[in-house]
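Descriptive structure summary
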Amino acid sequence: MFRRFQTAALIALLMSASAAGVYAQAQLTFRSGIDLVRLDIRVVDAAARPITDLRQDEVVIIEDGVVRPPLMFQRITEPAELFVDAATKAVTAEVSTNEGFPRGHLYLIVFDQSHITAGNEQRARLAAEQFIRRQVRPSDRVALFAIPGPGPQVGFTADRTRVLDELARVRGSYQRVATTPFGNLPIFDAHRITQGDERLIMDTIARLTIEGGGDALGVSSSAATGGRAGGGEDLSTARRLLAENARIIVQQTDAESRQFLQRLADVIRGLGDIEGRKSVVLFSEGFFQDNLNRELEAVAAAAAQSYAVFYSFDLNRRGPSITEAYVPDTVQSSEIQGRIAPLGTLAVETDGTLIVDAASRSDETLAQIARQAQDYYLIGFEPSERARARRGEYRRVTVTVSRPGARVSTRTGYALRAEPTAADRQRAISSVMGSPFVQQGLKIDYTTYVIKADAPGQQRVVLSLTAQLPVRATPEDRADVVFVARDVRDGRVVASGTDAIALPESPRAGAAMGTGQWRVQFSVPSGSYLMRAVVREPGGLSGSADRRIDVRPLDTPNVAVSDLILSSHHNAIPVRAVAYRDEGLSGLLEAYARSANQLQTLSLTVTVRTPDGKEATASYSSPLPAPVTDADGFIVRAPFTVPIPTAAPGAYVVHATLTSDGAVLAERTRFVDVVEGTAGPAPTRPLPAPAPPVAPRAIVEGQLGQAYVAELLQLSAGTAFAGAAEQAARGQWEQAEAATHGATAEENFIAQALRGLARFVREDFPGSVTAWTRAQTREPDHALTAFFLGWAHERAGDTRAALTSWRGAAHLDPQMVSAHLALAEGYLKLQQPALARQALRAGLDAIPGSAELRTRLMQIEGGRE
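Residues numbered from 1 in each chain as written. Predicted model: local features only at pLDDT ≥ 70, side-chain atom pairs only at ≥ 80, totals over all residues. Heavy atoms only, no water.

Points about the overall build of the protein chain
The helix and strand tally for the protein chain stands at 24 helices and 35 strands. Across the 865 residues in the protein chain, those meeting the buried criterion constitute 52%. Pairs at least 24 residues apart make up 72% of the contacts formed inside the protein chain by residues separated by at least 6 positions. When the accessible area of the protein chain is evaluated, it comes to approximately 38,100 Å², of which 51% is carbon and sulfur surface. (Helix = DSSP H or I, 4+ residues; strand = E, 2+ residues; numbered from the N terminus. Buried < 20%, exposed > 50% of the residue type's maximum accessible area, 1.4 Å probe, protein only. Contact = heavy atoms within 4.5 Å. Areas by Shrake-Rupley, 256 points an atom, 1.4 Å probe, with all protein chains shown as cover.)

Shown next as structure tokens:
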């Protein structure tokens with residue numbers, strides 16, 4: 001068994017009283033680049049009741065006599081309500097979060113087939129089957145491995161039927177007695193012989209000689225029993241042969257045990273990316289650990305990296321076995337004690353339990369494991385320099401708390417993983433994305449807003465996310481962020497994306513970490529979707545949260561209404577809005593219809609109420625502004641500001657009601673936090689600057705403009721507008737525009753396209769919008785027309801309309817680098833650098849080798865928000 005260092009506990013007692021004061025005096029900061037070590041600890045009072053209000057400054061972590069301050073501190077607990085109810089409430093809440101998200105248990109059932117006597121696995125299989133049928137809840141996940149194979153190899157799954165079917169393949173193969181050239185030798189005896197047990201050596205020689213193995217040993221029966229002179233030489237030979245055979249047996253059994261432990265470490269390590277405390281139920285008769293300390297330590301290290309706790313079930317039968325040809329002349333209890341010692345070691349090192357003589361009480365013990373509440377704390381600290389220099393080495397720590405009467409149970413140490421590679425990062429993100437439960441290493445919160453998209457049949461979803469992240473060590477430090485949205489009907493992916501979040505410059509007041517923000521938008525048809533968002537910081541900590549989005553159709557014949565958007569100071573699309581009492585509450589609601597008449601008589605009423613909805617604190621009511629055209633109808637954008645001078649600080653519900661001639665058309669609600677005073681000036685944060693403006697003539701005479709004119713010249717051959725195209729090819733724009741007039745010009749694609757170019761050159765931007773819009777009506781799939789129409793909208797002052805046209809151009813011709821660049825510049829003009837990055841990455845997906853897109857992306861990355 002591993003050595004125990006009791007001095008560490010003594011040091012902990014001496015230092016815990018002063019540690020809390022040290023924490024209070026110093027601001028602890030978790031910076032990027034730190035390999036944060038995490039331990040799950042259980043803390044109970046003198047009556048063994050869980051302590052639920054432990055503070056971070058009460059935790060004392062000691063490694064090599066040095067206090068390691070906790071940089072991360074979270075309480076993990078189960079909800080009081082049913083898992084299904086809690087999970088449904090969590091994914092449909094206004095703000096999705098991983099804090100307090102319900103999660104089931106993770107059970108890893110392992111059968112040590114090489115150390116279970118044939119037939120003895122049947123009781124264990126039956127116990128495991130009853131456990132899965134009776135104790136495993138729908139919210140739990142079970143994995144099943146039989147080591148070594150062949151046998152079940154099932155990762156975490158909710159499919160209990162599959163696991164039950166696989167149980168039938170478990171087989172025991174252990175043999176307690178080995179066969180040698182001179183007779184049978186119990187494995188336990190072989191270990192004692194190699195350790196020099198003189199009495200056992202002589203008894204074994206005598207037994208083997210009597211049983212007929214004397215000739216192989218080179219000794220007669222009388223010499224073995226000391227009855228013939230000169231037997232000393234015979235006995236010396238016999239002792240040597242017996243010792244050699246015993247060593248061979250020990251080497252063989254050690255090799256089998258080593259193979260089991262190495263495979264067990266691989267299995268546990270492979271499940272490390274699935275966050276959460278894992279209960280490892282190990283069924284085994286044990287093995288002798290004299291030469292296996294390194295392998296046991298490797299399993300303990302893998303368990304520390306994967307948050308695995310061992311519950312070791314001793315399957316040894318007490319009493320003689322009728323199936324054995326020879327019952328060893330040894331004390332059976334000593335053998336069993338030696339065999340289960342490593343099982344106990346794994347249990348102790350991982351804060352688990354050894355269940356001795358488990359065959360008679362497996363059902364009861366498994367039920368107790370299932371009843372254990374998931375109520376523990378997750379703490380994180382910076383490892384020592386020695387641990388960083390010797391990754392993979394098991395490092396011992398002591399954890400105590402300064403609260404009088406409190407007791408802590410946790411694993412005995414940790415081991416750092418190897419430095420992660422880019423492939424490791426992607427694998428870890430994929431694992432988190434496919435994990436059965438959300439990850440809680442980083443706290444993340446996000447919400448969504450649904451508004452109408454430009455494309456017919458599509459609605460736009462705007463996702464706003466915040467994450468608690470380590471403070472950046474360098475300006476280039478980033479956290480990965482990934483999201484995937486799936487249709488709830490068939491699991492089909494309807495939207496996904498990857499990006500990076502700049503790590504915060506400083507921690508939040510009184511906290512070790514800061515807050516990072518991220519936004520993205522995507523379009524989907526109306527329907528119901530389940531989304532998972534994942535954030536991973538450079539050191540490997542991850543957080544994820546799930547959300548269900550019900551997207552209403554907003555392009556119906558009737559009046560449709562967007563989600564209610566409340567604005568926080570300095571953040572137009574917040575996760576949860578904050579309103580300053582002296583500045584009032586601002587927000588926006590949009591209404592859509594096929595005709596302007598449907599929107600003429602609308603009125604908006606906004607009421608700010610207490611969370612119970614009973615008391616109105618403030619209200620606002622006003623007719624809506626006049627409708628304007630959008631892609632396929634009309635829209636009314638209704639911004640509002642509600643004064644809240646009498647609202648006390650706290651949480652409120654904002655209730656927006658849209659009516660038409662007194663009839664209620666739609667109601668929308670959002671929560672808001674009201675705080676005192678004013679927000680003050682916005683923090684100075686350099687945003688990436690848009691590219692400098694380009695002269696209209698330079699745009700038209702550029703590469704795409706020349707390609708556009710060349711195509712029009714080719715199309716015009718033999719038509720009434722061939723002359724106009726020739727004038728345009730020579731750069732004579734006034735003459736070209738004059739030549740586009742005629743009886744058929746208004747309905748002719750070539751004439752309108754040339755007229756748009758000519759008007760754009762002379763900076764008649766509204767006129768060019770009109771001409772190119774008509775041209776697009778005739779040829780809706782013409783990418784260059786959409787691209788130049790975007791420039792006309794931009795120069796006419798309508799950046800949002802320009803973005804619509806540029807998105808269309810990029811969709812029609814994904815290889816058009818300039819369309820992706822124009823989209824990015826448009827987003828930068830609207831101070832949306834995250835969307836600019838998204839546009840450039842989409843372009844790089846289509847054109848991976850584009851140096852222009854990559855260069856501009858790097859420029860924006862250097863100044864990201």
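Resuming the write-up.
Some points on the pattern of salt bridges
It is possible for side chains of opposite charge to pair when their charged atoms get near one another. A full pass over the atoms with the stated rule returns 51 salt bridges. One salt bridge in this structure joins Glu737 and Arg759, with 3.4 Å as the shortest N-O distance. Highlighted residues: Glu737 in helix 17 (residues 733–738) and Arg759 in helix 18 (residues 749–761), separated in sequence by 22 residues. Taking relative accessible area as the criterion, Arg759 reaches 15% and is therefore assigned buried. With a shortest N-O distance of 2.8 Å, Glu825 and Arg856 are connected by a salt bridge. A residue pair is termed long-range when its members are at least 10 positions apart, and Glu825 in helix 22 (residues 817–829) and Arg856 in helix 24 (residues 851–861) qualify at 31 residues. It is possible to trace a salt-bridge network through shared partners that takes in Glu63, Asp64, Arg386, Arg390, Glu393 and Arg395. (Salt bridge = Lys/Arg side-chain N within 4 Å of Asp/Glu carboxyl O.)

Let's talk about the environment of Ala593
Among the secondary structure elements, Ala593 is positioned in strand 29 (residues 585–593). When its relative accessible area of 4% is taken as the criterion, Ala593 is described as buried. Separated by 37 residues in sequence, Ala593 and Thr556 have C-alpha atoms that sit 7.4 Å apart. For Ala593, the contacting residues outside a window of four places in its chain are Val559, Gln598, Leu599, Gly633 and Phe634.

Remarks on the packing of helix 3 (residues 121–134) against helix 4 (residues 160–167)
For the pair helix 3 and helix 4, the least separation of the axes is 10 Å and the interaxial angle reads 175°. Put simply, helix 3 runs roughly antiparallel to helix 4. Residue-level contacts link Arg125, Ala128, Glu129, Ile132 and Arg133 of helix 3 to Arg160, Val163, Leu164 and Leu167 of helix 4. In the contact of helix 3 with helix 4, the residues fall into five nonpolar, no polar and four charged. (Axes fitted to C-alpha atoms, helices over the stretch in contact; angles between N-to-C directions. Parallel < 35°, antiparallel > 145°, perpendicular 65-115°, else oblique. Nonpolar A, V, L, I, M, F, W, Y, C, P; charged D, E, K, R; others polar.)

Considering the packing of helix 20 (residues 783–795) against helix 21 (residues 799–812)
Contact geometry for helix 20 and helix 21: axes closest at 7 Å, N-to-C directions at 165°. Viewed along their axes, helix 20 and helix 21 adopt a mutual orientation that is roughly antiparallel. For the pair helix 20 and helix 21, the sense of crossing is left-handed. Contacts between helix 20 and helix 21 involve Ala783, Ala786, Phe787, Leu789, Gly790, Trp791, His793 and Glu794 from the first element and Thr799, Ala801, Ala802, Ser805, Trp806, Ala809 and Leu812 from the second. Considering only residue class, the contact of helix 20 with helix 21 consists of ten nonpolar, four polar and one charged. (Left-handed = near helix turned anticlockwise from the far one by under 90°.)

Some details on the nonpolar core
In terms of nonpolar packing, the biggest core is built from 55 residues, with Tyr708, Trp733, Leu757, Phe760, Trp772, Phe787 and Trp806 touching the most fellow members. Looking at this core element by element, the count peaks at nine residues for helix 18. Ignoring sequence-local partners within four residues, the contact set of Trp772 consists of Tyr708, Gln752, Ala753, Gly756, Leu757, Phe760, Thr785, Phe788, Leu789 and Ala792. Counting residues in each nonpolar core, the second largest holds 49 residues, with Leu36, Ile76, Tyr449 and Ala479 among its members. (Core = buried A, V, L, I, M, F, W, Y, C linked by side-chain atoms within 4.5 Å.)

Considering the sheet that holds strand 2 (residues 59–63)
One open sheet accounts for three strands, arranged 3-2-16; its pairing is antiparallel. Of all strands in the sheet, those with a lone pairing partner are strand 3 (66–67) and strand 16 (398–401), marking the two edges. Bridging between strand 2 and strand 3 involves two bridges; their strand directions are antiparallel. Along strand 3, the bridge assignment pairs Glu63 with Val66. (Pairing = 2+ DSSP bridges.)

Here we look at the environment of Gly183
In this fold, Gly183 is placed in strand 10 (residues 183–186). As for Gly183 and Arg207, which are separated by 24 residues in sequence, their C-alpha atoms are 9.3 Å apart. Residues within four places of Gly183 in sequence aside, it is in contact with Ala178 and Leu208.

Observations regarding unusual backbone geometry
Leave glycine aside and you will find that most residues have negative phi; peptide bonds, for their part, are mostly trans. Between Ile147 and the following residue, Pro148, the backbone shows a cis peptide bond with an omega angle of -10°. Counting through the fold element by element, Pro148 comes out in the loop between strand 7 (141–147) and strand 8 (153–157). Across the junction of Gly149 and Pro150, the peptide omega takes the value 0°, indicating a cis bond. Within the fold, Pro150 resides in the loop between strand 7 and strand 8. With a phi close to 60°, Tyr307 is a non-glycine residue in the positive phi region. Tyr307 sits in the buried class, given a relative accessible area of 9%.

Quick look at helix 19 (residues 765–778)
The first and last C-alpha atoms of helix 19 sit 20 Å apart over 14 residues, in line with the 20 Å expected at 1.5 Å per residue. Looking only at helix 19, the buried set comprises Phe765, Gly767, Ser768, Val769, Ala771, Trp772 and Ala775. Contact partners of the buried residues in helix 19: helix 14 (696–700), helix 15 (703–716), helix 18 and helix 20. One side-chain oxygen of the residue at the start of helix 19 lies 3.1 Å from the amide nitrogen of Gly767, identifying that residue as Asp764. (Expected span 1.5 Å × (residues − 1). Polar contact = N/O pair within 3.5 Å; in protein donor to acceptor, adjacent residues only side chain to side chain.)

Quick word on the confidence of the model for the protein chain
The predicted structure's coordinates, where accompanied by low pLDDT, should not be read in detail. Here the protein chain shows a mean pLDDT of 83. Residues at 70 or above account for 89%. Every residue in residues 1–25 scores below 50 in pLDDT, and together they form 44 contacts with partners more than four places removed in sequence or on other chains. (pLDDT = per-residue confidence, 0-100.)

Description of the packing of aromatic side chains
Taken as a whole and judged by the stated rule, the model has 15 aromatic pairs. Taking the centre distance of 4.9 Å and the plane angle of 25° together, the rings of Phe111 and Phe283 count as stacked. With Phe111 in strand 6 (residues 106–112) and Phe283 in strand 11 (residues 278–284), this pair connects stretches of sequence that are 172 residues apart. Considered together, Phe111 and Phe283 belong to a single accessibility category, that of buried residues. Each residue in the set Tyr708, Phe760, Phe765, Trp772, Phe787 and Phe788 is aromatic and connected to the rest through ring pairs, giving one cluster. (Phe/Tyr/Trp six-rings, centres within 6.5 Å; stacked < 30°, edge-to-face > 60°.)

Here we look at helix 20
The first and last C-alpha atoms of helix 20 sit 19 Å apart over 13 residues, in line with the 18 Å expected at 1.5 Å per residue. Most of helix 20 is tucked away: twelve of the 13 residues are buried. Buried residues of helix 20: Ala783, Leu784, Thr785, Ala786, Phe787, Phe788, Leu789, Gly790, Trp791, Ala792, His793 and Glu794, and no others. Considering only its buried residues, helix 20 is in contact with helix 14, helix 15, helix 18, helix 19, helix 21 and helix 22. Gly797 occupies a position one or two residues after helix 20 and carries a positive phi of about 95°.

Considerations on the pairing of strand 34 (residues 650–660)
Counting buried residues along strand 34, eight of its eleven residues qualify, which places the element largely inside the surrounding structure. Pairing between strand 34 and strand 35 (residues 663–675): eleven bridges, direction antiparallel. Looking at strand 35, one finds that Ser660 is bridged to Ala663.

Let's talk about the pairing of strand 16
Taking every second residue as pointing to the same face, both faces of strand 16 are buried, with Thr398 and Thr400 on one and Val399 and Val401 on the other. With four bridges connecting them, strand 2 and strand 16 associate as antiparallel partners. Residue pairing for strand 16: Val59 is matched across the bridge by Val401.

Observations regarding the sheet that holds strand 7
Pairing is mixed in the open sheet, where six strands are placed in the order 8-7-6-11-12-13. Of all strands in the sheet, those with a lone pairing partner are strand 8 and strand 13 (353–355), marking the two edges. The sheet shows a mean angle of 15° between the axes of neighbouring strands, taken without regard to direction.

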